[in-house]
Amino acid sequence: YATMSLQEICALEVGSIMHEDAILWFWTTNFHMRDAFRVLDAWGFNATPTILTWAKDRMGNGYYLRCQTEHCILAVRGKPTITLTNQTTLLHAPVRGHSVKPVEFYDLVESLCPAPRYADLFSRYQHNSKWDCHGDEAPSAMMEAAQ
């Protein structure tokens, strides 16, 4: 897949397509953690975030340490609707493929953030019909490319 520079990612109009009261779940790796906060600030999500850590069932690559975690920053702007009960910041789920996020994550988002529609940018999986998938490897884009 094509990669984007940090400047290109920051310039995406993501903040403009979201409601003023919104929750953004932003995936990042250990290596890119500092850059992730620059992107969130550029998109207008600069309230104090919470980090969900995905504990994977196997090791991957790494610079100093081999990564077995990935992180999803829960970023907020305004006063969105969120249903909290007793969630933890740790998600245990198996790896399903390169950059494919766990099914358990989508279930968690739907349970915490009730909404009629969800947007998944740079997607490789469509959880159900509530999720609009975007990106050159999104399920709908891949189906169109095959035609």
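Here goes a summary of the coordinates provided. (Residues numbered from 1 in each chain as written. Predicted model: local features only at pLDDT ≥ 70, side-chain atom pairs only at ≥ 80, totals over all residues. Heavy atoms only, no water.)

**Observations regarding helix 4 (residues 103-112)**
At step 1: Along helix 4, the positions that sit buried rather than exposed are Phe105, Tyr106, Leu108, Val109, Glu110 and Leu112.
At step 2: Check the buried side of helix 4 and you find it contacts strand 1 (22-28), strand 2 (50-55), strand 3 (69-77), strand 4 (90-92), strand 5 (118-121) and strand 6 (131-134). (Buried < 20%, exposed > 50% of the residue type's maximum accessible area, 1.4 Å probe, protein only. Helix = DSSP H or I, 4+ residues; strand = E, 2+ residues; numbered from the N terminus. Contact = heavy atoms within 4.5 Å.)

**Things to note about the side chain of threonine 28**
At step 1: For threonine 28, the location among the structural elements is in strand 1.
At step 2: At 3.4 Å, the side chain of threonine 28 and the backbone oxygen of histidine 32 are in polar contact.
At step 3: Ignoring anything within four residues of it in the chain, the contact list for threonine 28 reads Met33, Ala36, Glu70, His71 and Ile73. (Polar contact = N/O pair within 3.5 Å; in protein donor to acceptor, adjacent residues only side chain to side chain.)

**Concerning a nonpolar patch on the surface**
At step 1: A surface patch of nonpolar side chains, about 650 Å² in accessible area, is lined by Phe31, Tyr63, Tyr64 and Leu65.
At step 2: Of note, tyrosine 64 is situated in the loop between strand 2 and strand 3.
At step 3: Judged by its relative accessible area of 74%, tyrosine 64 falls in the exposed class. (Patch = residues over 30% accessible without salt bridge, like charges linked within 9 Å, V, L, I, M, F, W, Y side chains within 5 Å. Areas by Shrake-Rupley, 256 points an atom, 1.4 Å probe, with all protein chains shown as cover. Salt bridge = Lys/Arg side-chain N within 4 Å of Asp/Glu carboxyl O.)

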